[in-house]
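Read off the chains here:
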Amino acid sequence: MVSNQEIRNDMDKVQAQLKEALESMIQQFGKKLKDEERKEIQKEFEEINDLLERLKTGLIFVALFGKTSVGKSAITNSLINDDVAEVGVEHDKTTKITAYKKEPWNIVDVPGIMGEECNEKLAIEEAKKAHGHIFAIDGEPYGDEIELFDLVHNNSPDIPKIVFVNKWDQIQNNRPKKEQETIRSRISEKMGKFVKSPEDIVYGSAMLFDPERDEMVRQKLPQLLDRLYDSAGTLGAVMNILDPAKRAADLSNDMNARIFQFRAKLARRVISIFGTVAAMTIVVPFATFFGYPALLTAMVLTVSKIMGKEVTKDNAAKIMWACLKVIGVNGTAGLVGFFVVDIASTALVPVGGAGFAVGALAALGGVGFYAYRQTVTLGEITLEYIRNDFSWAGKNEKEVLERCKHGVKEHYVKFKTV
């Protein structure tokens with residue numbers, strides 16, 4: 001099991017490496033970037049950095065919202081798997097914001113009191129701090145409940161939300177199936193706007209009556225936990241990395257795989273910029289004899305830094321040639337052939353993708369597009385090489401090339417000829 005201190009140390013290293021790579025890229029190519037391109041990359045960096053900061057706490061922040069007596073304290077106890085919150089039949093059991101911490105959880109129970117400005121302000125503040133929200137109801141929601149959920153959602157629309165319908169056993173045991181389906185339909189109609197998927201509306205009971213013990217007994221909520229893990233965005237990422245249910249056989253490997261994904265996302269944005277620079281600067285194939293190898297070496301060096309690999313400039317050049325060999329380029333002269341194939345297109349129309357300077361690429365015609373495509377293909381091959389610790393992991397070069405061509409289609413600017 002990886003300790004919180006080890007996680008914090010790893011996150012510190014990743015943050016430092018990403019920052020260094022970003023500064024290096026901006027310094028080398030900042031003048032070639034438009035303001036909106038620079039801002040987009042900066043935003044991407046900040047989002048990843050924010051996630052890493054949250055991971056360093058070692059805690060998963062979940063804010064619970066719902067009316068009084070809906071059972072938020074019982075839900076808290078079920079998630080934490082301990083009786084940390086007081087539960088009872090009285091109304092207004094929770095009258096102030098209360099945080100329950102039991103590593104790696106930090107669950108905040110927000111009172112379901114509307115109509116007071118101070119309470120609403122506190123609810124908004126807690127909502128913005130959380131990795132995810134649970135909207136708790138115990139049947140079809142009305143009035144103040146919807147008002148509370150609207151307030152939270154409108155002030156933090158991007159934070160993942162799950163609706164948990166508590167005390168569902170009472171409806172199942174006391175209502176005909178036809179009425180149960182009607183209630184489900186009305187819940188879906190009213191609460192669907194808060195979630196990304198109908199599966200994010202979960203039904204269960206945090207406590208059940210045990211006649212033998214003559215008391216209410218805390219229940220596990222596996223269906224709610226499953227949705228927390230599967231949640232899109234920050235919540236799911238944090239939960240899977242910190243893994244409170246110890247589901248991963250090896251947390252370190254799981255964390256490393258996810259950090260690779262974060263780094264690769266930033267690296268692909270940088271690769272796309274190098275591709276655009278190549279398209280802009282290489283007007284004729286013979287220019288490859290002079291500037292193109294240096295450009296590719298700089299790309300490999302930058303991508304290696306982003307991916308957390310310390311390489312020298314000389315090593316970056318060797319990596320570049322090893323990756324170019326997969327494409328079929330075996331020497332400097334072979335770079336001429338890098339461009340003389342498939343460059344006779346009369347026009348190119350962008351049809352989507354995540355690259356930069358699309359209009360300029362289209363204006364350059366076949367040569368510009370080919371330069372872009374070959375550069376980002378090399379970038380994808382470099383990522384594959386790094387992923388496998390500077391090897392091809394037993395795959396032949398043809399397999400590697402086909403895999404990377406698929407990655408190019410998925411992650412970069414796409415064009416069609418006309």
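Keep in mind the model is a prediction, meaning the values are calculated, not measured.

## Considering the overall build of the protein
Item 1. Helices and strands together make up the secondary structure of the protein, namely 15 helices and 10 strands.
Item 2. In the protein, which comprises 418 residues, the share counted as buried stands at 50%.
Item 3. Of all intrachain contacts in the protein linking residues separated by at least 6 positions in sequence, the fraction that spans at least 24 positions is 72%.

## Describing the side chain of Ser73
Item 1. Mapped onto the secondary structure, Ser73 falls in helix α3 (residues 72-80).
Item 2. Engagement of the side chain of Ser73 in a polar contact is seen with the side chain of Asp109, the distance being 3.5 Å.

## Describing the nonpolar core
Item 1. Within the largest apolar cluster, 74 residues are counted, with the highest numbers of intra-cluster contacts made by Trp105, Leu228 and Met307.
Item 2. The element best represented in this core is helix α10 (residues 251-281), accounting for 12 residues.
Item 3. Aside from chain neighbours lying at most four places away, what touches Met307 is Phe260, Arg263, Ala264, Ala267, Leu383 and Ile386.
Item 4. Counting 24 residues, the second largest nonpolar core, distinct from the first, contains Val110, Ala130, Val163 and Trp168.

## Some remarks on the pairing of strand β4 (residues 132-137)
Walk down a regular strand and you will see the side chains alternate between the two sheet faces.
Item 1. Counted residue by residue, β4 has 6 buried out of 6 residues, so it is predominantly covered.
Item 2. Of the two faces of β4, the one holding Gly132, Ile134 and Ala136 and the one holding His133, Phe135 and Ile137 are both buried throughout.
Item 3. As defined by bridge partners, strand β1 (residues 60-65) adjoins β4 across 4 bridges and the pair is classed as parallel. If you follow Phe65 over to β4, its bridge partner there is Phe135.
Item 4. Where β4 meets strand β5 (residues 161-165), 5 bridges bridge the pair, whose relative direction is parallel. Bridge pairing links Ile134 to Ile162 in β5.
Item 5. At this point the chain moves from β4, through helix α5 (residues 143-155), to the parallel β5, and the crossover so formed is right-handed.

## Observations concerning the packing of aromatic side chains
Item 1. A complete count under the given rule lists 7 aromatic pairs for this structure.
Item 2. Considering the side-chain rings of Phe135 and Phe194, the 5.4 Å spacing of their centres and the 80° angle between planes classify their relative orientation as edge-to-face. Taken together, the positions of Phe135 in strand β4 and Phe194 in the loop between α7 (177-191) and β6 (201-203) put the pair 59 residues apart, joining distant regions of the chain.
Item 3. By relative accessible area, Phe135 is classed as buried at 0%.
Item 4. Members of the aromatic cluster, connected to one another through ring pairs, are Phe65, Phe135, Phe149 and Phe194.
Item 5. Between the NZ or CZ atom of Arg184 and the centre of the ring of Tyr203, over which it lies, the distance is 3.9 Å.

## Some details on helix α4 (residues 117-129)
Along an α-helix, residues three or four positions apart point the same way, because every turn accommodates 3.6 residues.
Item 1. Between its first and last C-alpha atoms α4 spans 19 Å; for 13 residues at 1.5 Å apiece the expected length is 18 Å, and the two agree.
Item 2. Of all the residues in α4, the buried ones are Asn119, Ala123, Ile124, Glu126 and Ala127. Across the axial projection of α4, the buried residues extend over an arc of 165°, all falling on one side. Turned more than 90 degrees away from the buried face of α4 sit Glu117, Lys121 and Lys129, all of them exposed.
Item 3. The inward-facing, buried residues of α4 contact β1, β3 (105-109), β4 and α5.

## Some thoughts on the packing of helix α12 (residues 313-327) against helix α15 (residues 397-411)
Item 1. Relative orientation of the contacting elements α12 and α15 amounts to 90°, with a least axis distance of 8 Å. Here α12 is positioned roughly perpendicular relative to α15, judged by the angle of their axes. Facing α12, whose interface residues are Lys325, Val326 and Ile327, α15 presents Glu397, Val400 and Leu401.
Item 2. The class makeup of the residues in the contact of α12 with α15 is 4 nonpolar, no polar and 2 charged.

Basis of the calculations
- Residues numbered from 1 in each chain as written.
- Predicted model: local features only at pLDDT ≥ 70, side-chain atom pairs only at ≥ 80, totals over all residues.
- Heavy atoms only, no water.
- Helix = DSSP H or I, 4+ residues; strand = E, 2+ residues; numbered from the N terminus.
- Buried < 20%, exposed > 50% of the residue type's maximum accessible area, 1.4 Å probe, protein only.
- Contact = heavy atoms within 4.5 Å.
- Polar contact = N/O pair within 3.5 Å; in protein donor to acceptor, adjacent residues only side chain to side chain.
- Core = buried A, V, L, I, M, F, W, Y, C linked by side-chain atoms within 4.5 Å.
- Pairing = 2+ DSSP bridges.
- Right-handed = clockwise from strand over helix to strand, strands pointing away.
- Phe/Tyr/Trp six-rings, centres within 6.5 Å; stacked < 30°, edge-to-face > 60°.
- Lys NZ or Arg CZ within 6 Å of the ring centre and 35° of its normal.
- Expected span 1.5 Å × (residues − 1).
- Arc of directions from axis to C-beta.
- Axes fitted to C-alpha atoms, helices over the stretch in contact; angles between N-to-C directions.
- Parallel < 35°, antiparallel > 145°, perpendicular 65-115°, else oblique.
- Nonpolar A, V, L, I, M, F, W, Y, C, P; charged D, E, K, R; others polar.

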